[in-house]
Amino acid sequence: MRHVAVVDLGYGDAGKGTVVDWLCATRPVHTVVRFNGGAQAAHNVVLRDGRHHTFAQFGAGTFHPGVRTHLSQHMVVDPLALAAEADHLATVGVPDALDRLTVDGDALLATPYHRAANRAREIARGADRHGSCGLGVGETVQYGLAHPGDAPRVADCHHPALLRRRLTTVRDRLTAELGPLEAPPVEDCLPAFTGFADRVAIVDGSWLAGALRTGTCVFEGAQGVLLDEWHGFHPYTTWSTTTFANVDSLLAEAGRPGDVTRIGVLRVVTTRHGHGPLVTEDPSLPFTDRHNATNPWQGRFRFGHFDAVAHRYALAAAGGVDGLALTHLDLAGPDLRICRRYDTTDRLTPGPPGDLDRQAAITARLLRSRPVYDEPPADWAEAVRAELGTPVVLTSHGPTADDKIPHGPLLAPPALVRSA
Amino acid sequence: MGSGIWSTDVYDAADRYRRSTGRSAFSYSDSGARTVHPALDPRDATRECRDSDEHPRSTPVAVLFDVTGSMGKVPRVLQSKLPQLLGLLQRQGYASDPQIMFGAIGDATCDRVPLQVGQFESDNRMDDDLGRIVLEGGGGGQMTESYELAMYFMARHTVTDSWDKRGRRGYLFIIGDELAYPQVKAREVAGLIGDDLSEDLPLRQVVDEVTRRWDTYYLLPAGSHYAGNATVLDFWRDLLGQNAVVLDDLDAVCETIALTIGLGEQAIDLDEGLRDLDRAGSGATGTVSKALARLGRGRRAEVSTLPAFRDTAGGVTRL
């Protein structure tokens, strides 16, 4: 059985959600597996009848009856936001999202203390904000790395005494470092976390191996490779591995290394929400994004021309893909151009993971670079294929699953029959 | 990328989790699906129960239950109980390497999903098939459902190493409360399963075919519309003899199936099985002993007294 992994080769917002929704609409999918990030993800899915949901922790296939979501151990799980998201799903006709959810007990738990610390730090950065979403995801990862033995994890929600101890330690450590935090008392947090444990199936790593044996799973990435903790443009990155690395390790742990079709998602308009380099940014582009409003944590949503240099870099950093999904083709018009090189360079080369000085140097160089534009291509899919040397296997011409066109056999919908 | 769209308030979240109780296990059905899930579609399908290195002597067990309206809450109770079956069989060692398949039966004359059949699985992945079953809740009101189609599928669209390599029959449990149609209709088979039959098959012929390879039981549970109706029980006794079994407490369904298999495999006699249940703290011994008394007698040389009924209130209720 061939599973599918969907990763964004930009700065996020390319349309992973709509691609995952389309995959689940066109074939039997057992489970959508989330493998990075946390509640800060915002994957928008719009149905033909106009219903809309911004998927944060639930998989973007949840509108399809029976499709499960699994939050793997690489996720930062936020039970508070999860409850609110489940409630919204109920209002748009999905009453059983929590029933179809499994969560790995080893996943880190985002707490109100992490969130408050994240906000305190980002405010302190003033004009040098990193573009954080203010939900404490990075803070949670950072804390987990610093204190692996006593960082709160999902399975702790079954053990109130242990959880109380760990929450108290988080609060005390972060308060000692940052001063008083705007967050509720530990006792008040406990009912929310224990309520989560009572309601949601918390499982161990073997659950995913079973799901991978049983049916097709779709691995849904969050954010984008250009924001990757090691390959993104430091310091405007996320505390998350946004490449296929986590997918590869989950499959290897389940004894199915390499059993996956890798799809890279690109948007014809290169966008970025939050601070950091966006070489092809052009405020004169006549676009707005109704799902990405200006917000106090990331500022306004930024639009740019198709940045082939940056996307080529992301493709190399991700280790290549089997096919590309190209979205927002309905936005391509005479105003939208393609950038194949900058004035300073035509190629960025990924370095080894962990060399943040090198990444900071790339960032400095990008902030000085000017884009060189070519005329708008007549055939965007062909232009992107030629520029990235990778086939475009899906194009998206609108927000719903009906607006997608598969090209070639790689993602062609199989017959909806599963024989033994 | 996002910006914290969903509320992260602790008081709010605690309240939301409190309110969202009563999970539905029939998630596929309850989220509005009214067509067969692709994983359970009998069309052009063959279900296989194969040996493997891990499970060298597979024992096939199929459980198909009526999901029409006359069954009332029975399908939902079964859905919550049946996941325990595999663990029960494995722990008690009544059968070697059990592989279980779940399916559902409706009425081909008026239902949208008259037949749903899952895969044989040897781990808890079979629970997923239970979750994918569409509950009809309809039915024809003429005390008849399409059990004959299910038996036809089992007779002609299943392959088991147990039979092919060892000549051993598998176990088929049909749980329902109505009569089968007198004929397997060629038209329905063509539409639902995809076989081209030249003519309708009499029910008796299909029962003969299925019982050749499948040790077939009909369980008539309490709580269904026609429970206790002599017409239904007589109908199935006529077809399956003592293998038509009345089950007066649905909570005991897994134990009843497990002991039936244990008896069939000659791993236990009824007394031993009931003692096993009792030792494990099961509250089902009364129901099971009543349901299986005829089976147990049929297989044993001597008649034994049943162990005392044990009150397990507050204790463990499953093996």
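Up top is the structure these notes are about.
Conventions used here
Residues numbered from 1 in each chain as written. Chains lettered and ligands numbered in written order. Predicted model: local features only at pLDDT ≥ 70, side-chain atom pairs only at ≥ 80, totals over all residues. Heavy atoms only, no water. Helix = DSSP H or I, 4+ residues; strand = E, 2+ residues; numbered from the N terminus. Contact = heavy atoms within 4.5 Å. Areas by Shrake-Rupley, 256 points an atom, 1.4 Å probe, with all protein chains shown as cover. Salt bridge = Lys/Arg side-chain N within 4 Å of Asp/Glu carboxyl O. Buried < 20%, exposed > 50% of the residue type's maximum accessible area, 1.4 Å probe, protein only. Buried area = accessible area lost by both parts, 1.4 Å probe. Polar contact = N/O pair within 3.5 Å; in protein donor to acceptor, adjacent residues only side chain to side chain. Nonpolar A, V, L, I, M, F, W, Y, C, P; charged D, E, K, R; others polar. Axes fitted to C-alpha atoms, helices over the stretch in contact; angles between N-to-C directions. Parallel < 35°, antiparallel > 145°, perpendicular 65-115°, else oblique. Arc of directions from axis to C-beta. Core = buried A, V, L, I, M, F, W, Y, C linked by side-chain atoms within 4.5 Å. Pairing = 2+ DSSP bridges. 1 Å grid on protein atoms, 1.4 Å probe; cavity = no way out; pocket = protein on both sides within 12 Å on 5 of 7 lines; lining within 4 Å. Points joined across faces, edges and corners; volume = space filled by probe spheres on them. Phe/Tyr/Trp six-rings, centres within 6.5 Å; stacked < 30°, edge-to-face > 60°.

1. Here's the deal with the overall build of chain A
So, point 1. The helix and strand tally for chain A stands at 11 helices and 19 strands.
So, point 2. In chain A, of all internal contacts separated by at least 6 residues, the share reaching a separation of at least 24 is 77%.
So, point 3. With the model as given, the accessible surface of chain A reaches about 14,700 Å², and the carbon-plus-sulfur share is 52%.

2. Details of the pattern of salt bridges
Residues and elements named next belong to chain B.
So, point 1. Tallied over the entire structure, the rule returns 35 salt bridges over all chains.
So, point 2. Where arginine 166 meets aspartate 51, a salt bridge forms, and the shortest distance between an N and an O atom there is 2.8 Å. Of this pair, arginine 166 sits in helix α7 (residues 161-166) while aspartate 51 sits in the loop between β1 (47-49) and β2 (59-66), and the two are 115 residues apart along the sequence.
So, point 3. Relative accessible area serves as the criterion here: at 16%, aspartate 51 is assigned to the buried category.
So, point 4. Each of the salt bridges in this network shares a partner with another, and the network as a whole consists of Glu48, Arg50, Asp51, Asp161, Lys165 and Arg166.

3. Some words on the interface of chain A and chain B
Quoted interface sizes are often the accessible area lost when the parts come together.
So, point 1. With 58 residues of chain A at the interface, the matching set in chain B holds 40 residues.
So, point 2. The contact between chain A and chain B buries some 4,000 Å² in all, and 57% of this surface belongs to carbon and sulfur atoms.
So, point 3. Our count for the chain A to chain B interface comes out at 1 salt bridge.
So, point 4. Residue A:Asp87 is joined to B:Arg16 by a salt bridge in which the shortest nitrogen-to-oxygen separation is 2.7 Å.
So, point 5. Our count for the chain A to chain B interface comes out at 5 residue pairs in polar contact (both at pLDDT 80 or more).
So, point 6. For the side of chain A that touches chain B, the secondary-structure elements that each account for two or more residues are β4 (52-55), α2 (79-91), α3 (112-124), α6 (186-199) and α7 (206-214) of chain A.
So, point 7. If one sorts the elements of the side of chain A that touches chain B by residue count, α2(A) sits on top with 9 residues.
So, point 8. Class assignment for the residues of the side of chain A that touches chain B results in 29 nonpolar, 15 polar and 14 charged.

4. Quick look at unusual backbone geometry
So, point 1. Following A:His234, the chain continues into A:Pro235 via a peptide bond in cis, with omega recorded as 5°.
So, point 2. Relative to the helices and strands, A:Pro235 is located in the loop between β10 (217-220) and α8 (245-253).
So, point 3. In this structure, B:Asp44 takes a positive phi of about 55° despite not being glycine.
So, point 4. As for its placement among the helices and strands, B:Asp44 is situated in the loop between α2 (27-30) and β1.
So, point 5. Residues other than glycine seldom take positive phi values, yet B:Gln266 does so here, at roughly 55°.
So, point 6. With respect to the element layout, B:Gln266 can be found in the loop between α11 (253-264) and α12 (270-279).

5. Some thoughts on the packing of helix α9 (residues 203-213) of chain B against helix α10 (residues 230-240) of chain B
All names here are of chain B.
So, point 1. Contact geometry of α9 with α10 gives a least axis separation of 10 Å together with a crossing angle of 55°. One way to sum up the angle between α9 and α10 is to call them oblique. Between α9 and α10, the contacting residues are Leu203, Arg204, Val207 and Thr211 on the first element and Phe235, Asp238, Leu239 and Leu240 on the second.

6. Considerations on the environment of B:Lys185
Residues and elements named next belong to chain B.
So, point 1. If you trace the backbone, lysine 185 turns up in the loop between β9 (183-184) and α8 (186-192).
So, point 2. With 36 residues separating them in the primary sequence, lysine 185 and leucine 149 have C-alpha atoms 8.3 Å apart.
So, point 3. Leaving out residues up to four positions away in the same chain, lysine 185 has contacts with Thr109 and Asp200.

7. Let's talk about helix α11 (residues 380-388) of chain A
Residues and elements named next belong to chain A.
So, point 1. All of the buried residues along α11 are Trp380, Ala383, Val384, Glu387 and Leu388. Taken end-on, α11 shows its buried residues confined to a sector of 110°, consistent with a single buried face.
So, point 2. If you follow the buried residues of α11, they end up packed against β11 (260-267), β14 (306-307), α9 (308-317), β15 (323-327), β16 (338-342) and β18 (392-396).
So, point 3. Among the residues of α11, the N-terminal cap falls to aspartate 379, whose side-chain oxygen and the backbone nitrogen of alanine 381 are separated by 3.2 Å.

8. A short note on the nonpolar core
So, point 1. Within the largest apolar cluster, 67 residues are counted, with the highest numbers of intra-cluster contacts made by A:Phe58 and A:Phe196.
So, point 2. Sort the elements by how many residues they give to this core and α6(A) lands first, with 7 residues.
So, point 3. Not counting residues within four places of it along the chain, the set of residues in contact with A:Phe196 comprises A:Val77, A:Pro79, A:Leu82, A:Val103, A:Val154, A:Cys157, A:Ile202 and B:Tyr17.

9. Focus on the sheet that holds strand β17 (residues 371-374) of chain A
Residue and element names in this part refer to chain A.
So, point 1. Taken in spatial order, the 3 strands of this open sheet run β14-β16-β17, and their pairing is mixed. Each edge of the open sheet carries a strand with a single partner, namely β14 and β17.
So, point 2. Alignment of β16 against β17, held across 4 bridges, turns out to be antiparallel. When the sheet's bridge partners are listed, tyrosine 342 is paired in β17 with proline 371.
So, point 3. Against the sheet, α9 contacts β14 and β16, and its axis sits at roughly 80° relative to β16.
So, point 4. Sitting on the sheet, α11 touches β14 and β16, and the angle it makes with β16 is about 25°.

10. Some points on the side chain of B:Arg16
So, point 1. You can see B:Arg16 is positioned in helix α1 (residues 10-19).
So, point 2. Polar side-chain contacts of B:Arg16 include one of 2.7 Å to the side chain of A:Asp87.
So, point 3. With residues up to four places along the chain from it excluded, the contact list for B:Arg16 reads A:Ala83, A:Ala84, A:Asp87 and B:Ser7.

11. With respect to the sheet that holds strand β7 (residues 170-175) of chain B
All names here are of chain B.
So, point 1. Strands sit in the order β4-β3-β2-β7-β11-β12 across an open sheet of 6 strands; the sheet is mixed. A strand with exactly one partner marks an edge of an open sheet, and here the two such strands are β4 (115-117) and β12 (244-247). Averaged over all neighbouring strand pairs, the angle between strand axes comes to 20°, with direction disregarded.
So, point 2. Lying on the sheet, helix α6 (residues 147-156) is in contact with β2, β3 (98-105), β4, β7 and β11 (214-221); it crosses β4 at an angle near 35°.

12. Looking at empty space enclosed by the protein
Residue and element names in this part refer to chain A.
So, point 1. Here the structure, examined in full by the defined rule, presents 3 cavities of 30 Å³ or more.
So, point 2. Those elements that provide at least two residues to the lining of the largest cavity are β11 and β12 (270-273).
So, point 3. With 3 residues, the single largest contributor to the lining of the largest cavity is β11.
So, point 4. Looking at side-chain class alone, the lining of the largest cavity contains 6 nonpolar, 5 polar and 2 charged residues.

13. As for the side chain of A:Arg312
Residues and elements named next belong to chain A.
So, point 1. Summarising the element assignment, arginine 312 is placed in helix α9.
So, point 2. Within the structure, the side chain of arginine 312 is placed 2.7 Å from the backbone oxygen of aspartate 346, a separation counted as a polar contact.
So, point 3. Aside from chain neighbours lying at most four places away, what touches arginine 312 is Arg340, Asp346, Arg347 and Glu387.

14. Some thoughts on the packing of aromatic side chains
Residues and elements named next belong to chain B.
So, point 1. Evaluated as defined, the whole model comprises 14 aromatic pairs over all chains.
So, point 2. Centre to centre, the rings of phenylalanine 173 and tyrosine 217 are 5.1 Å apart; their planes meet at 15°, and the pair counts as stacked. Placement of the pair is phenylalanine 173 in strand β7 and tyrosine 217 in strand β11, with a sequence separation of 44 residues.
So, point 3. For phenylalanine 173, a relative accessible area of 0% gives the class buried.
So, point 4. Ring centres of phenylalanine 235 and tryptophan 236 lie 5.3 Å apart, and the angle between their planes is 85°; on these two criteria the pair is classed as edge-to-face.

15. A look at the pairing of β12(A)
Residue and element names in this part refer to chain A.
So, point 1. The alternating pattern of β12 places Thr270 and Arg272 and Thr271 and His273 on opposite faces, both of which are buried.
So, point 2. Looking at chain direction, β12 and strand β13 (residues 301-304) are connected through 4 bridges and run antiparallel. The partner of arginine 272 across the bridge, within β13, is arginine 302.

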